[in-house]
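Each chain, letter by letter, is given below.
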Amino acid sequence: MGKGGRASWSGSLAFVIAAAASAIGLGNLWRFPYLAAQYGGGMFIAIYLVLVATLGFALMTTEIAIGRKTSQSQLTAYSRLKSGWGFIGIIGTIIPILIVPYYCVIGGWVLYYLKAYTHMAFTGVNIMGEAAADSGQVFSSFISAPFAPFGYGMVFILGCAAVIVMGVKNGIEKSNMVMMPILFIMAIAISLYVLFLPGSAEGVRYYLVPNLDCVSTPDGKFSIVLLCKTILGAMGQMFYSLSLAMGIMVTYGSYTSKSDSIEKCVRRIEIFDTLIALIAGLMIIPVVYMFAVKTGTDVKQAMCAGPGLMFITLPKVFATLGTAGAWVGMGFFLLVVFAAATSAISLMEACVASVCDIMAIDRKPATFFTTAIIMFLATFSALGYGAWKHVKLYIFDTVNGQQFLDFFDFLSNSVLMPVVAVATCVFVGWVLGPKAIIDECESNGVTMKSKGIYSLMVKYIAPALMVMLLVSEICRALGIGGWSI
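Given the structure is predicted, the values throughout are model-derived calculations rather than measurements. (Residues numbered from 1 in each chain as written. Predicted model: local features only at pLDDT ≥ 70, side-chain atom pairs only at ≥ 80, totals over all residues. Heavy atoms only, no water.)

Colleague: Lay out the overall build of the protein in plain terms, naming residues and giving numbers.
Modeller: Each helix and strand in the protein was counted, giving 19 helices and zero strands. Seen through its C-alpha atoms, the protein measures out along the principal axes to roughly 60 × 55 × 45 Å. Considering the protein as a whole, with its 485 residues, one finds that 60% of them fall into the buried category. Summarising the internal contacts of the protein: among those between residues at least 6 apart in sequence, 80% fall at separations of at least 24. Averaging the positions of the 29 positive and the 22 negative side-chain charges in the protein gives two centres separated by 5 Å. (Helix = DSSP H or I, 4+ residues; strand = E, 2+ residues; numbered from the N terminus. Buried < 20%, exposed > 50% of the residue type's maximum accessible area, 1.4 Å probe, protein only. Contact = heavy atoms within 4.5 Å. Lys, Arg positive; Asp, Glu negative; His and termini not counted. Charge placed at Lys NZ, Arg CZ, Asp CG, Glu CD.)

In structure tokens form, the structure reads like this:
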């Protein structure tokens, strides 16, 4: 990489763990449980699993193979394969540059809550409270503070940068080898604790048993429109959860040995990621369900999406667990810190690798340069709910406007990522040809077992589904036709 040659993983296990660590982030821990609760529990999970095994496999295989074939980050990989298609890499590089700053700001929020729950666990002082006004007020007061969100966000950014600057093997690989096992063990421990709570069985049933209400009209009739919404909801979650179209898999693929089986690696990454998503649901949905029943709150309302679930609803739930609540909260937010850090490190690495490739410089100066840009951009999201709360962007929401964090999130996740995915499928399916990717997957002498489904997905099904996702997201944002996911 840069002047020192291309970095590499120590082996296929290191690559799988690093890629899985990048995929296992905040999206798994708050978005998957929310969507599962909204869209029929077991029915949503079944649709999600099918999409991961088909669409997710095709997109991830494509990105990893492009990275390994070119030994380049996403910024320069596409132009190496075919002149005139470098715009995909440019857009793909913009995506992590937009995501990392606000993602690290949210990581700073998690650090604050970890600190708060650690203090509560060791002192017994509950600063969150069980009432909605208490936990909501704590969260609102923190994110609107003049400096605290910025300070915690900067600490999170610098921590990730410290890992990046140490390199692929000594930094990213070693940190993942420590954080991922701890994350996995804590997730299992918390979910087991939840499963043994009195009354959790109903919550587990609500989570895992398929419910057809999400695809039925109020009078009980099947609705193809509602089914499409459920499929698109699962597709959006899969897309976000697997770290697709962010440049991460292209970059990580560029560090992969030719002797590694891409197909096997992708399947293992999918298993790791899906397993954590399912465990996250077991951690969260049963206790939120019990809390909703206890307080008379609608379950779907209690499972509110995004930061509200993690920073407002769950603190209320932890408060109902008595003295154990602070310890469960501390363990949960430590887990979330690790999940956020592994994903943020991957996103930052995609940016640093692009700087190394385009400027032909070493990792250390590239990391300093990239970190400075991220810290500057993070300022907008960190202060967007506080000192700059009156500044709103009216590009996508022409009525109420959007805060900086919401704007960057929508632009990157709902617009640019589907655009990159569609462009990549068109490029590979109709310009480069699926055979180029299949040949790369078989370059180690092992036959690609799923090449038939891969060719079908990348040429026809994947681009069609990605266009549907893009259109639905834009319709949702602009309020067209009452469409929402």
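Colleague: Could you give an account of unusual backbone geometry, with specific residues and numbers?
Modeller: Backbone geometry at S71 places phi at a positive 55°, although glycine is not the residue there. Here S71 shows up in the loop between α3 (42–70) and α4 (74–81). What makes S71 partly exposed here is its relative accessible area of 33%. In this structure, S243 is a non-glycine residue whose phi angle is positive, near 60°. Mapping S243 onto the fold places it in the loop between α10 (224–241) and α11 (248–253).

Colleague: So, helix α9 (residues 200–208): which residues are in play, and what are the values?
Modeller: Along α9, the residues classified as buried are S200, G203, V204 and Y207. Considered in projection along α9, the buried side chains sweep an arc of 100° and stay on one side of the axis. The inward-facing, buried residues of α9 abut α2 (26–38), α3, α8 (168–195) and α12 (262–295). (Arc of directions from axis to C-beta.)

Colleague: Any chance you could break down the packing of aromatic side chains for me, citing the residues and the numbers?
Modeller: The full count for this structure, using the stated rule, is 37 aromatic pairs. For the pair W9 and Y255, a centre-to-centre distance of 5.8 Å together with 75° between the ring planes defines the contact as edge-to-face. Of this pair, W9 sits in the segment before α1 (12–23) while Y255 sits in the loop between α11 and α12, and the two are 246 residues apart along the sequence. Over the ring of F57 we find R267; its NZ or CZ atom is 3.9 Å from the centre of that ring. Its guanidinium or amino end placed over the ring of W430, K459 lies 4.3 Å from that ring's centre, counting from NZ or CZ. (Phe/Tyr/Trp six-rings, centres within 6.5 Å; stacked < 30°, edge-to-face > 60°. Lys NZ or Arg CZ within 6 Å of the ring centre and 35° of its normal.)

Colleague: Requested: an account of the nonpolar core, with residues and values cited.
Modeller: Core analysis: the biggest nonpolar cluster contains 181 residues, and W109, F239, M283, F311, F332 and F333 have the highest contact counts within it. Sort the elements by how many residues they give to this core and helix α15 (residues 324–359) lands first, with 22 residues. If we skip the residues at most four places from it in the chain, M283 touches L29, A187, I190, S191, V194, F332 and L335. (Core = buried A, V, L, I, M, F, W, Y, C linked by side-chain atoms within 4.5 Å.)

Colleague: Explain helix α18 (residues 434–441) to me, and be specific about the residues and the numbers.
Modeller: Most of α18 is tucked away: six of the eight residues are buried. Where α18 is buried, its residues meet α3, α12, α17 (404–432) and α19 (451–478).

Colleague: Before we move on, can you summarise the environment of P149 with the specific residues and values?
Modeller: Structurally, P149 is set in helix α7 (residues 148–165). Spatially, the C-alpha atom of P149 lies 6.9 Å from that of V105, the residues being 44 residues apart in sequence.

Colleague: I'd like to hear about the side chain of T251, residue by residue, with values.
Modeller: Here T251 lies in helix α11. Of the polar contacts made by the side chain of T251, one reaches the side chain of Q74; its length is 3.2 Å. A polar atom in the side chain of T251 sits 2.8 Å from the backbone oxygen of G247. Those residues in contact with T251, other than ones at most four positions away along the chain, are S73, Q74, E349, A350 and A353. (Polar contact = N/O pair within 3.5 Å; in protein donor to acceptor, adjacent residues only side chain to side chain.)

Colleague: Explain empty space enclosed by the protein residue by residue, including any values.
Modeller: Under the criterion given, the structure shown has three cavities of 30 Å³ or more. One number sums up the size of the largest cavity: a volume of about 110 Å³. Lining the largest cavity we find 15 residues, and of these S22, Y103, Y240, S243 and S343 sit closest to its centre. Listing elements by their share of the lining of the largest cavity, those giving two or more residues are α1, α2, α5 (86–123), α10 and α15. (1 Å grid on protein atoms, 1.4 Å probe; cavity = no way out; pocket = protein on both sides within 12 Å on 5 of 7 lines; lining within 4 Å. Points joined across faces, edges and corners; volume = space filled by probe spheres on them.)

Colleague: Describe the packing of α3 against α12, and please don't skip the residues or the numbers.
Modeller: Put simply, α3 and α12 touch, their axes get as near as 9 Å, and they point 140° apart. Classified by the angle between their axes, α3 and α12 sit oblique to one another. Once α3 is placed against α12, the crossing between them reads as right-handed. Along the contact surface, α3 presents I45, Y48, L49, V52, A53, G56, F57, M60, T61, I64, A65 and R68, while α12 presents I262, E263, V266, R267, I269, E270, D273, T274 and L278. Residue composition of the contact of α3 with α12, by class: 13 nonpolar, three polar and five charged. (Axes fitted to C-alpha atoms, helices over the stretch in contact; angles between N-to-C directions. Parallel < 35°, antiparallel > 145°, perpendicular 65-115°, else oblique. Left-handed = near helix turned anticlockwise from the far one by under 90°. Nonpolar A, V, L, I, M, F, W, Y, C, P; charged D, E, K, R; others polar.)

Colleague: Explain the packing of α5 against α7 to me, using residue names and the numbers behind them.
Modeller: Helix-helix packing: each pair is described by the crossing angle between the helix axes and the interaxial distance. Contact pair α5 / α7: the axes reach a minimum separation of 7 Å and the direction vectors enclose 105°. With respect to α7, the element α5 is oriented roughly perpendicular. In contact with C104, V105, G107, G108, W109, L111, Y112 and K115 of α5, α7 contributes P149, Y152, G153, V155, F156 and I157. Its residues assigned to classes, the contact of α5 with α7 comprises ten nonpolar, three polar and one charged.

Colleague: Residues and numbers for the pattern of salt bridges, please.
Modeller: Once the charged atoms of two side chains with opposite charge are near each other, the side chains can pair. Applying the stated criterion to the full structure yields seven salt bridges. In this structure, the salt-bridge partner of R68 is E440, at a minimum N-O distance of 2.8 Å. Linking R68 in helix α3 with E440 in helix α18, this pair joins segments that are 372 residues apart in sequence. Here the two residues R68 and E440 agree in accessibility, since each one is buried. Here E442 and K451 are joined by a salt bridge, their closest N and O atoms 3.3 Å apart. Given the relative accessible area of 22%, E442 is considered partly exposed. Given the relative accessible area of 34%, K451 is considered partly exposed. Several salt bridges converge on common partners, so that one network encompasses R68, K258 and E440. (Salt bridge = Lys/Arg side-chain N within 4 Å of Asp/Glu carboxyl O.)

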